[in-house]
Amino acid sequence: MKLRVAVTLGLTMALAGAPTSAQPENDATWTLLEQARLGDESIALTGIASLPGESLVMVGSGDRGRRALAWYSEDGRAWEAVKLPKSKNAGPTSVVGTDAGAIAVGNQQANSGAEHGLVWTTVDGRNWSGPAKIKNAMFSDVVATPAGVSILGAAAKKNRREPTVWHASDGTSWKPVRIAKADTRPREMAVTPDGVWTATAIDYDAQNYAVWRSSDGERWEAVADHPMIDPNTKRKVALSEIIATDAGIFAVVNWSDDGEDPTGSIWHSQTGADWTMVAGSDNTAGAAGVISGFPIVIMHPLVPSGADSDRTASVFSSVDGRDWTEALVTGMDGATILLAPAPDGEVAVAGYALLEEASDDLGSYLASSDPAAWLGPSPPGWTAETGPSDE
C-alpha cells in the first residue's frame, strides 16, 4: 500500500448529543508487536476473531484476493501463518468466532467467470477444513446469531446480485433468505443480542447505499433514512463498519464534500431504523469492533503532518453509546482496522503499521505500511471478562 499525502493534520473530536470525551490516555500502553508483522503491503486483512479459550485467528488475502491467507495466535502477541485449504483464486472476506471454533467466509473466481461463496471452519484455529462451496454466490460478512451463524452476501440472478442471507444453526447446512429484489454489492451485517438485524449494501439500482432491518433474519424491510443517505449529491459517503453491541447498533461512516477534508463519524441506533450521530472527527476515517458486547471505535488520521509524523490514531470506547473515553495509539495507518478480545483483558488490533515516510521532489510524502498487530488495554472501568463495572 503506497499513500501519497500532504497537508497538515488537525485531529479534533466533536461529540454530538454526548458529553465531551475525557483527555486522551498515554499511548505507551498500546504496543506494536514487532513479531506480529504479518506480511508485505500486498496483503489485505479482512477479519479477526477470538476462539474459545481466548486464542485468536485472522484472515486475509494476497494477490488482490486470489490467495487465501490465515494466521493463528495463542495470546495475541506471537502470530503464525496457517493454511486455508483449496485457497487458489480465493480470498476470505470475514471470520467469526463460535462456541465450536471459528468460521471464515470468502469468494472464489471460477475459470468461467462465475463467482462462488466459500466457507472454511476450524476448531483450534491452526487446522482449517473445507471450503464448502455455494455456487453463484458472493459472500461479504459472517456473524454469530442467537440461532447459530449467518452469512451476508448476494445470489446471482440473471446478471444481478440480489442481497441474501444464508442461515445455519450448525455452520454447515445453509438456508438462503432473500433480503430484497435489488442489484447490490452487500457490505456489512450486525445482529444485536436482543435480535435486531441490520444489513447494508451498495445498491446499484439506486446508486446509493441501502440499509435493511429485520427482527428475525427472515423478513426484511428497507430503512429509508440512514447515515449513508445524504441529499447533497456532491457529498461522497462511504460505510466503514457496522457493529452490534449490548448498547445497540453503531455505524462508522466516512464522508467528504468536494474540496473539503473528509470526516469520520459514529452513528447509533437501537432499532436499525432511527439513527443519531454521536461523534465526528475531521480528517479521519474510522473502524470499529465489539469487545464484551460494547463498542470500540478507532478514528485514524488520513494524512500525516509531515515526514516525521507519528500518525497518531484515537481509540474511543463506550459502555453505553453516549459517554466515550479516548486513548491514543501511534504509527497506525490504513483504512482496515480489526479488533477482537485478547487474553488478560486486553484488546487485539490488526491493521497497518506506518513503516517510513519520505518527501519527494513535489513536496508530498510517500508512506509505506505493512500488515501488523497491536495489543492495548480494555476500556477503563470494565474488563473483557466482566463488561462494565458497577462503580
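In this numbering scheme, every chain counts its residues from 1 along its sequence in written order. Local features in a predicted model are, by the rule used here, given only for residues with pLDDT of at least 70; side-chain atom pairs are given and counted only at 80 or more, and totals for whole chains, interfaces and linings are based on all residues. The side-chain figures draw on all heavy atoms in the structure; neither hydrogens nor water molecules are used.

S.K.: Just checking my understanding: could you explain the overall build of the protein for this structure?
M.R.: What the protein contains, in helices and strands, is 0 helices and 32 strands. Each of the 391 residues in the protein was classed as buried or not, and the buried ones make up 55%. We call two residues contacting when some pair of their heavy atoms lies within 4.5 Å. Within the protein, contacts between residues separated by at least 24 positions form 46% of all contacts whose residues are at least 6 apart in sequence. Exposure was quantified through the Shrake-Rupley algorithm and a 1.4 Å probe, taking into account, for residues, occlusion by the shown protein chains and nothing else. When the accessible surface of the protein is split by element, carbon and sulfur atoms take 48% of a total near 16,900 Å². Think of it this way: any DSSP run of H or I at least four residues long counts as a helix, any run of E at least two long counts as a strand, and we number them from the N terminus. Any residue under 20% of the maximum accessible area for its type is buried, any over 50% is exposed, and the rest in between are partly exposed; the area is computed with a 1.4 Å probe on protein chains only.

S.K.: Just checking my understanding: could you explain the side chain of Ser73 for this structure?
M.R.: Structurally, the position occupied by Ser73 is in strand β6 (residues 67-73). A relative accessible area of 0% places Ser73 in the buried class. Within polar-contact distance, the side chain of Ser73 engages the backbone nitrogen of Gly76 at 2.7 Å. Any N or O atom pair separated by 3.5 Å or less is treated as a polar contact, with the protein-specific requirement of one donor-capable and one acceptor-capable atom, and with residues adjacent in sequence counted only for side-chain atom pairs. A polar contact is formed between the side chain of Ser73 and the backbone oxygen of Ala78, at a distance of 2.9 Å.

S.K.: Looking at this structure, I do not really get the layout of surface pockets. What am I missing?
M.R.: Its volume calculated, the second largest pocket comes out at about 200 Å³. Considering the residues around the second largest pocket, the lining is formed by 15 residues, among which Thr98, Ala100, Ile103, Asp170 and Gly171 are closest to the centre. Looking at the lining of the second largest pocket, the elements with two or more residues in it are β9 (101-109), β10 (115-122) and β13 (148-157). Here the term charged refers only to Asp, Glu, Lys and Arg, the term nonpolar to Ala, Val, Leu, Ile, Met, Phe, Trp, Tyr, Cys and Pro, and the term polar to all other amino acids, Gly among them. Taken together, the residues of the lining of the second largest pocket break down into 6 nonpolar, 8 polar and 1 charged. Here the term cavity refers to a set of points on a 1 Å grid, laid over the protein atoms alone, in which a 1.4 Å probe fits but cannot get out; the term pocket refers to an open set having protein on both sides within 12 Å along at least five of seven lines, with lining residues being those that place an atom within 4 Å of a point. Grid points are joined across faces, edges and corners, and a volume is the space filled by probe spheres set on the points.

S.K.: Would you explain the nonpolar core in this entry?
M.R.: General note: in soluble globular proteins, nonpolar side chains tend to be found buried as a group. One finds Leu45, Ile48, Leu56, Met58, Trp71 and Trp79 to be the most contacted residues of the largest nonpolar core, which totals 17 residues. For this core, the secondary-structure elements that each account for two or more residues are β4 (44-50), β5 (56-62), β6, β28 (332-341), β29 (346-359) and β30 (365-377). Filtering out sequence-adjacent residues up to four positions away, Trp71 remains in contact with Leu38, Ile43, Leu45, Leu56, Val57, Met58, Val59, Gly60, Trp79, Glu80, Ala81 and Val82. The criterion is simple. A nonpolar core is a set of buried Ala, Val, Leu, Ile, Met, Phe, Trp, Tyr and Cys residues joined through side-chain atoms within 4.5 Å.

S.K.: What is the right way to read the pairing of strand β14 (residues 160-168) from this model?
M.R.: Side-chain positions along a regular strand alternate between the two faces of the sheet. Of all 9 residues in β14, 7 are buried, a share of seventy percent or more. Sheet analysis places β13 next to β14, joined by 9 bridges and oriented antiparallel. Bridge pairing in β14 links Leu152 to Val165. Hairpin connection of β13 to β14: 2 residues between the antiparallel strands, including Lys158 at a positive phi of 50°. From the end of β14 to the start of strand β15 (residues 175-178), which pair antiparallel, there are 6 residues, and Gly171 there has a positive phi angle of about 75°. Pairing between strands is defined by DSSP: at least two bridges between them are needed.

S.K.: Would you explain the pattern of salt bridges in this entry?
M.R.: Criterion for a salt bridge: a side-chain nitrogen of Lys or Arg within 4 Å of a carboxyl oxygen of Asp or Glu. Under the criterion given, the structure shown has 7 salt bridges. Residue Arg178 pairs with Glu162 through a salt bridge whose shortest N-O separation is 3.3 Å. Pair noted here: Arg178 is in strand β15 and Glu162 is in strand β14, with a separation of 16 residues, a long-range link. We classify Glu162 as buried; its relative accessible area is 9%. Across the pair Arg213 and Glu221 runs a salt bridge, and its minimum N-O distance is 2.5 Å. Assessed through its relative accessible area of 22%, Arg213 is described here as partly exposed. One continuous salt-bridge network, built from bridges that share partners, spans Glu74, Glu80 and Arg126.

S.K.: Help me understand the sheet that holds β15 in this model?
M.R.: Hydrogen bonds between backbone groups are what pair the strands of a sheet, and the pairing can be parallel or antiparallel. Read across the open sheet, the 4 strands follow the order β12-β13-β14-β15; overall the sheet is antiparallel. Looking along the sheet, the strands with just one partner apiece sit at the ends: β12 (137-145) and β15. Averaged over all adjacent pairs, the angle separating strand axes in this sheet is 30°, with direction ignored. Bridge count between β12 and β13: 8 bridges; the pairing is antiparallel. Paired with Asp141 across the strands is Leu152, a residue of β13. Helix axes use the C-alpha atoms of the stretch in contact, all axes being lines fitted to C-alpha atoms, and the angles between their N-to-C directions lie in the range 0 to 180 degrees.

S.K.: Just checking my understanding: could you explain the packing of aromatic side chains for this structure?
M.R.: Aromatic ring pairs: the centre-centre distance and the angle between the two ring planes describe each pair. Stacked, edge-to-face and tilted are the three classes for Phe, Tyr and Trp ring pairs, Trp counted by its six-membered ring, which pair at centre distances within 6.5 Å; planes under 30 degrees apart are stacked, over 60 edge-to-face, the rest tilted. Applying the stated criterion across every chain yields a total of 2 aromatic pairs. Consider the rings of Trp197 and Trp220, whose centres lie 6.1 Å apart with planes at 85°: the pair is edge-to-face. Of this pair, Trp197 sits in strand β17 (residues 197-203) while Trp220 sits in strand β19 (residues 220-222); the two residues are 23 residues apart in sequence, bridging distant segments of the chain. Neither Trp197 nor Trp220 differs from the other in exposure class; each is buried.

S.K.: What should I look at first to understand the environment of Pro295 in this one?
M.R.: Among the structural elements, Pro295 can be located in strand β25 (residues 294-301). When the C-alpha atoms of Pro295 and Ser317 are compared, they prove to be 6.0 Å apart, with 22 residues separating the residues in sequence. Those residues within four positions of Pro295 in sequence are excluded, and the remaining contacts are Ile243, Thr245, Phe250, Gly289, Phe316, Ser317, Ser318 and Trp324.

S.K.: What is the right way to read the sheet that holds β17 from this model?
M.R.: Spatially, the 4 strands line up as an open sheet ordered β16-β17-β18-β19, and their pairing is antiparallel. Strand pairing shows two members of the sheet lacking a second neighbour, β16 (184-191) and β19, which therefore form its edges. Sheet twist, expressed as the average angle between the axes of neighbouring strands with direction ignored, equals 25°. For β16 and β17, the ladder comprises 6 bridges, and the chain directions are antiparallel. Each bridged residue has a counterpart across the sheet, and for Met189 the counterpart in β17 is Ala199.

S.K.: Quick question: what am I supposed to make of the environment of Met138 here?
M.R.: Along the chain, Met138 falls in strand β12. For Met138, a relative accessible area of 3% puts it in the buried group. Contact partners of Met138, with chain neighbours within four places excluded, come to Asn107, Glu115, Leu152, Gly153, Ala154, Arg161, Arg185 and Pro186.

S.K.: What exactly am I supposed to notice about the side chain of Ser140 here?
M.R.: Tracing the chain through its elements places Ser140 in strand β12. At 3.4 Å, the side chain of Ser140 forms a polar contact with the backbone oxygen of Pro186. For Ser140, the contacting residues outside a window of four places in its chain are Thr93, Ser94, Leu152, Gly153, Pro186 and Arg187.

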